[in-house]
Amino acid sequence: MPEPLADRPGEFAAPRPGGIAARAAAGLRAAGPDYLAGLNPEQREAVETLDGPLLVLAGAGTGKTRVLTTRIAHILALGRARPFEILAVTFTNKAAREMRERVGKLLGQAAEGMQWLGTFHSIGTRILRRHAELVGLQSSFTILDTDDQIRLIKQVLSAENIDDKRWPARQLAFAIDGWKNRALGPKDVPAGEAQAFAAGRGAELYGIYQARLKQLNAVDFGDLLLGPIRIFRDHPDVLEQYHRRFRFMLVDEYQDTNVAQYLWLRLLAQGSKNLACVGDDDQSIYGWRGAEVENILRFERDFPGAKVVRLERNYRSTGHILNAASHLIAKNEGRLGKTLRPQTELGEKVTVAGSWDSGEEARAIGDEIEALQSKGHKLDDMAILVRASFQMREFEERFITLGLPYRVIGGPRFYERAEIRDAMAYLRVVASPADALAFERIVNVPKRGLGDAALKLINERARADEVTLPEAARRLCDAGEMKGKARAALKDLILSFDRWSGLIDKTPHTELAEIILEESGYTDMWAKDRTAEAQGRLENLKELVRSMEPFENLRGFLEHVSLVMDADRGPSEDAVTIMTLHGAKGLEFDTVFLPGWEEGLFPHQRSLDESGRAGLEEERRLAYVGLTRARRRAKIWFASNRRVHGMWQSSIPSRFLDELPEADVDVVEAPATFGGGMGGGYGPSRFDNAQPFSSTYATPGWRRAQERGGATASPGPGARRGGPMTIEGELVASSSAKSAGFKQGARVFHQKFGNGTVVEVDGNKLTVSFDKAGEKRVLDGFVKAA
DNA sequence: AACATTATGTCGACT
DNA sequence: ACATAATGTT
């Protein structure tokens, strides 16, 4: 797997005949560098400045990705490096994939051989696997996700007799993550911070956790960066190899790098010095994850002789949108300062609208989307960008009622679902029996009568004999230390694992996965399950097997999953996108809806509490990111009431609304809302008095809120929230009514609500009493006969 | 060991 | 309000 690193002489190498670079260079000589055509002067400078450190300050929509990809193409075309001598780092897999594709397009062929194009984590993994033994690991180490990590920490805490009530594992996990983000090992943790956990044992526990990881031959996300840093520092000869290898380095989203990533880059950049970083300080929104805007602010000092290029021509958004965004971000201090210049007409003004509560917000936005759709706009070109993921559900519910196709990006993640994690655990044990956490997860799933007691025995034996858990289990069975039913069940499981392991090289991995899920009784477990989700879970398992297809083998797939975490659902029908503002960075849509601009939610209270002014500035940058996603229309909303942890709370409009320039904003009344929205009369502080209802309790909205079982009354199981949602709503059937012929009393299945019985039929609208979700009105197109 | 009940934390964003 | 974890019961 690892190709030799020192496979080339140090001097400049001519492109391999027939390689990408050679062919691209041939094309260059023949047709001229047509990939440079159409770049503006600044972009061109950023592409052609190849030697020495370079910082490209690229505002939103100024062609940042284009510069990066063209730069790579340019390097290859000039023959300055071969594809595997370029290090190109992104933060997300999506960005990496896009870059690969676009480089390929520029070169007119697939960008094969660019092995070092990927995320910090995937490249870190690659390096760590090559030199695992230098940090006491085997190169087959497993990568723990957050869930595994927390379970492991729980084990550590209980082994150390620490009350995990008083000192939650999550908290320690969070602290450890923070330390790793700052490249601090257990010994480097500042005394003051270690003090904060378990009466000063924080750093000690961190050390124990690391030791446990090593025992398990496992690493967590942070180690994927820290490991390589340690290797580089302790083994100059290894670092030297990489210095020789990476002739050019490119980093995307430099403003989001944390200390560890910065150190990692700086170590590597001591080699060729050809480090090009692209970023935008105004779009730094990952401070909570350890990102340091200072990295970008300090670039010129860190890399002497650095050239700085500013990209300020925005090709994405129309004038009003851009003005609004610029005006807003100008309230931040401590920025490098850029002025985005629109390249097109002023277009539509940004709109701000208020609603009574979050439900009405969802309804109004749904209506507006339908109106746009009927005017010929595609749903693919519209997005709803929320601050927090819990806001998504209200939109989902509304869209289901409307029959409006939508896709949620980043919601409950595919790979975090229980059934997927179980299935993955089976695969992991088969691929590497030493994966103790995976084994523990599935010994008793489905139920085999192997509970805590049995697991304890296995664990003790494994520790005593220093063997893997499956091996310990085998010994227990053979030695007869396990009795009766438990022994039979365990023996059976062990034999199954032996059988599956034997199939690894003989059977295609997708088939093997099916066999494992079948023979383990896992699919059976869900097939027998009568709950609403069971069907969906089986679907997900099929989806999982399908998603394994593109991979060469099981190992490759497992590696991918441990890093990727985002399931790539294939392209589907025309649909509205619902996602978080964080997830939206780097994307653009014609129309962007921005709901929930209320104090406490946006800016988020916790951001303000924890980070004060810096937190507020980061929230403001998030608002800036949101606005600049819009090409033609940006529509902001706020609600006067929102349910927080199940309790109704009134809210005041976000301070960011007051920071928008009046000239570029239209305050609109919410169409078809109770009380006609906020009325037109906005004072100088336009939104401060935006709660005309707060003192009167007789408004329909308030009554509705109460009927819905708000802060006071708890509704009986029959009085579902599905009812009031449609009092005035006049459920609108989006498509023509063609009844699928469901009769009253029929049993139906719904993707989101599960199984239920039809109570009433009204054209293509059904009232269904769902077993789990209660009574809902849905369109017949969304249910199928159960 | 498996199920039923109760208590608790969660809903801040992500690799 | 909901889901999960912890606790109690058979």
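Position labels on residues start from 1 in each chain and follow its written sequence. The naming scheme follows written order: chains are lettered A onward, ligands numbered 1 onward. Totals for whole chains, interfaces and linings use every residue, but because this is a predicted model, local features are given only for residues with pLDDT of at least 70 and side-chain atom pairs only at 80 or more, for both listing and counting. Hydrogens and water molecules were not included; the side-chain quantities draw on all heavy atoms of the structure.

If you check an unreviewed UniProt entry, chain A appears there as DNA 3'-5' helicase from Hansschlegelia beijingensis. UniProt positions are given in the numbering used here, feature names are shortened, and annotations may be inferred rather than shown by experiment. UniProt, in the comment section headed Function (unreviewed entry), describes chain A in these words: "Has both ATPase and helicase activities. Unwinds DNA duplexes with 3' to 5' polarity with respect to the bound strand and initiates unwinding most effectively when a single-stranded region is present. Involved in the post-incision events of nucleotide excision repair and methyl-directed mismatch repair." The UniProt entry for chain A carries the following comment under Sequence similarities (unreviewed entry): "Belongs to the helicase family. UvrD subfamily."

A. Region of interest: the overall build of chain A. On a plain count of helices and strands, chain A comes out with 30 helices and 23 strands. Each residue is assigned to one of three classes by its accessible area relative to the maximum for its type, calculated with a 1.4 Å probe on protein chains only: buried under 20%, partly exposed between the two thresholds, exposed over 50%. The buried share of chain A, taken over its 786 residues, is 54%. The protein chains shown are the only cover counted for residues, whose accessible areas, like all others here, come from Shrake-Rupley with a 1.4 Å probe. Total accessible area on chain A is roughly 34,300 Å²; 51% of this is exposed by carbon and sulfur atoms. In DSSP terms, a helix is any run of H or I states spanning at least four residues, a strand is any run of E spanning at least two, and both are numbered starting from the N terminus.

B. Spotlight on the protein's contact with DNA strand B. It suffices for a single heavy atom of a residue to lie within 4 Å of a molecule or strand for the residue to be listed as near it. In the vicinity of DNA strand B, 27 residues are found, and the nearest of them are Trp288, Ser389, Gly451, Arg606 and Glu610. Close to the protein, within 4 Å, the atoms of DNA strand B belong to sugar or phosphate groups at a rate of 49%. One nitrogen or oxygen atom from the side chain of Asn444 is found 3.4 Å from a phosphate oxygen belonging to DNA strand B. Of all the secondary-structure elements, those providing two or more residues to the surface near DNA strand B are α20 (452–465) and α28 (605–627). In terms of residue count, the dominant contributor to the surface near DNA strand B is α28 (4 residues). Gly falls in the polar group here, along with every residue not listed as nonpolar (Ala, Val, Leu, Ile, Met, Phe, Trp, Tyr, Cys, Pro) or charged (Asp, Glu, Lys, Arg). Of the residues that constitute the surface near DNA strand B, the class distribution is 8 nonpolar, 10 polar and 9 charged. Here a polar contact is taken to be a pair of N or O atoms separated by no more than 3.5 Å, where protein atoms must pair a possible hydrogen donor with a possible acceptor and residues adjacent in sequence count only if both atoms sit in side chains.

C. Examining the side chain of Asp256 more closely. One can find Asp256 in the loop between β6 (248–251) and α12 (259–269). Of the polar contacts made by the side chain of Asp256, one reaches the side chain of Lys585; its length is 2.4 Å. We call two residues contacting when some pair of their heavy atoms lies within 4.5 Å. Residues contacting Asp256, with those up to four places away along its chain left out, are Phe91, Gln261, Gln283, Ser284, Ile285, Tyr286, Ala291 and Lys585.

D. Looking closely at a negative patch on the surface. Distance thresholds for patches are 9 Å for like charges and 5 Å for nonpolar side chains (Val, Leu, Ile, Met, Phe, Trp, Tyr), applied to residues having over 30% relative accessible area and no salt bridge. Criterion for a salt bridge: a side-chain nitrogen of Lys or Arg within 4 Å of a carboxyl oxygen of Asp or Glu. His is not counted here, nor are the chain ends, while Lys and Arg score as positive and Asp and Glu score as negative. By convention, the point assigned to a charge is CZ for Arg, NZ for Lys, CD for Glu and CG for Asp. The grouping of Glu511, Glu514, Glu518 and Glu549 at the surface amounts to a negative patch. When you line up the elements, Glu511 lands in helix α23 (residues 509–519). Residue classification places Glu511 among the partly exposed positions, given a relative accessible area of 40%.

E. Summary view of helix α2 (residues 41–48). Those residues of α2 lying buried are Glu42, Gln43, Ala46 and Val47. Projected onto a plane normal to the axis of α2, the buried residues spread over an arc of 135° and lie on a single side. In this structure, the buried residues of α2 make contact with β1 (54–58), α3 (64–78), β8 (307–311) and β9 (313–314). Here α2 starts with a cap whose side-chain oxygen sits 3.1 Å from the backbone nitrogen of Glu42, and that cap is Asn40. Taking the helix axis as origin, the arc is that swept by the directions to the C-beta atoms.

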